[in-house]
Amino acid sequence: MTKFGELISVEKPVLIDFYSDWEDAENTVETLRNVAVALGDKAKVIKIDVTKNENLADALRVKGNPTFMLYKNGEMKWRQTGFQDAKTLIDLVKEYL
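Here's a quick rundown of the structure. Residue positions are given per chain, counting from 1 as you read along its sequence in written order. Restriction of local features to residues with pLDDT of at least 70 applies here, the model being predicted, together with a cutoff of 80 or more for giving and counting side-chain atom pairs; totals for whole chains, interfaces and linings are based on all residues. Side-chain metrics in this entry use all non-hydrogen atoms of the structure; hydrogen atoms and water are not considered.

Under the scheme used here, helices are H or I runs from DSSP no shorter than 4 residues and strands are E runs no shorter than 2 residues, and both carry numbers assigned from the N terminus. Helix and strand counts for the protein come out as 4 helices and 4 strands. Along its sequence from the N terminus, the protein presents helices and strands in the succession α-β-α-β-α-β-β-α. Taking 13 Å as the expected radius of gyration for a compact globule of 97 residues, we find that the protein reaches 12 Å, a close match to that expectation. By its C-alpha atoms, the protein is 30 × 30 × 20 Å across when sized along the principal axes. The classification of residues rests on relative accessible area computed with a 1.4 Å probe and restricted to protein chains. Under 20% of the type maximum is buried, over 50% is exposed, and intermediate values are partly exposed. Residues counted as buried form 43% of the 97 residues belonging to the protein. Looking at the protein alone, contacts between residues at least 24 apart form 65% of all its contacts between residues at least 6 apart. To be clear on the numbers: accessible area is Shrake-Rupley with a 1.4 Å probe, and residue cover counts the displayed protein chains and nothing else. Accessible surface, the protein as shown: approximately 5,800 Å² in total, 47% of it carbon and sulfur. The size measure is the radius of gyration over C-alpha atoms, and the globule rule it meets is 2.2 Å times the number of residues to the 0.38 power. Residue contacts follow a heavy-atom distance rule, with two residues in contact if any of their heavy atoms lie within 4.5 Å.

We now examine the packing of aromatic side chains. The criterion for an aromatic pair is that two Phe, Tyr or Trp rings (for Trp, the six-membered ring) have centres within 6.5 Å, with stacked assigned to planes under 30 degrees apart, edge-to-face to planes over 60 apart and tilted to the rest. Tallying each qualifying case throughout the model produces 1 aromatic pair. Between Phe4 and Tyr71, the ring centres sit 5.6 Å apart and the planes meet at 85°, which makes this aromatic pair edge-to-face. A residue pair is termed long-range when its members are at least 10 positions apart, and Phe4 in helix α1 (residues 2-8) and Tyr71 in strand β3 (residues 67-72) qualify at 67 residues. For the residue pair Phe4 and Tyr71, the accessibility class agrees, reading buried in each case. Only lysine NZ and arginine CZ atoms are considered, and such an atom sits over a ring when it is within 6 Å of the ring centre and within 35 degrees of the ring normal. Here Lys47 stacks its cationic end above the ring of Tyr19, 4.0 Å away from the centre of that ring.

What follows deals with the environment of Ile46. Note on placement: Ile46 falls in strand β2 (residues 44-49). Overall, the relative accessible area of 18% leaves Ile46 in the buried class. Residues Ile46 and Val14, spaced 32 residues apart in sequence, show a C-alpha to C-alpha distance of 7.4 Å. Aside from chain neighbours lying at most four places away, what touches Ile46 is Leu7, Val14, Leu15, Ile16, Asp17 and Leu32.

Let us now look at the nonpolar core. Take the buried Ala, Val, Leu, Ile, Met, Phe, Trp, Tyr and Cys residues and link them wherever side-chain atoms come within 4.5 Å; each set so joined is a nonpolar core. Of all hydrophobic cores here, the largest spans 14 residues; its most connected members are Phe4, Ile16, Phe18, Ile48, Leu60, Val62 and Tyr71. If you list the elements that add at least two residues to this core, you get α1, β1 (14-19), β2, α3 (54-59) and β3. Element by element, the count of residues in this core is highest for β1, at 3 residues. Excluding its chain neighbours within four sequence positions, the residues that come into contact with Tyr71 are Phe4, Ile8, Lys12, Pro13, Val14, Ile16, Leu60, Met76 and Lys77. Core analysis: the second largest hydrophobic core is formed by 13 residues, Ala43, Trp78, Ile90 and Leu92 among them.

A word on helix α4 (residues 86-94). Along an α-helix, residues three or four apart share an orientation, since each turn contains 3.6 residues. Taken as a whole, α4 has its buried residues at Ala86, Leu89, Ile90, Leu92 and Val93. Along the long axis of α4, the arc covered by the buried residues comes to 165°, so they all point the same way. Here α4 starts with a cap whose side-chain oxygen sits 3.1 Å from the backbone nitrogen of Lys87, and that cap is Asp85. By arc we mean the arc of the directions from the helix axis to the C-beta atoms, nothing more. Counting of polar contacts relies on pairs of N or O atoms within 3.5 Å, with two restrictions inside protein: one atom must be capable of donating a hydrogen and the other of accepting it, and residues adjacent in sequence are counted only when both atoms are side-chain atoms.

The following block contains the structure:
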């Protein structure tokens, strides 16, 4: 949890995809790759496996996969469960640059 706090407590927007390997992770990998390329170093894009980080997923009440969260300066700005396309995610993150 300490590492997570450090991860989200930055001035750049941090987009996190909570996923599990048993879901269709390939779609979100490609989507997040496109988001990361489009945003460059203006934001962080991170994937967190819920099966390897169960305590964190429970603490954040992650129930479905994928669940996307956007943080800035340690504060959650947006959260959505379900697949999101790259354009939607890029536009969303740009609002917080």
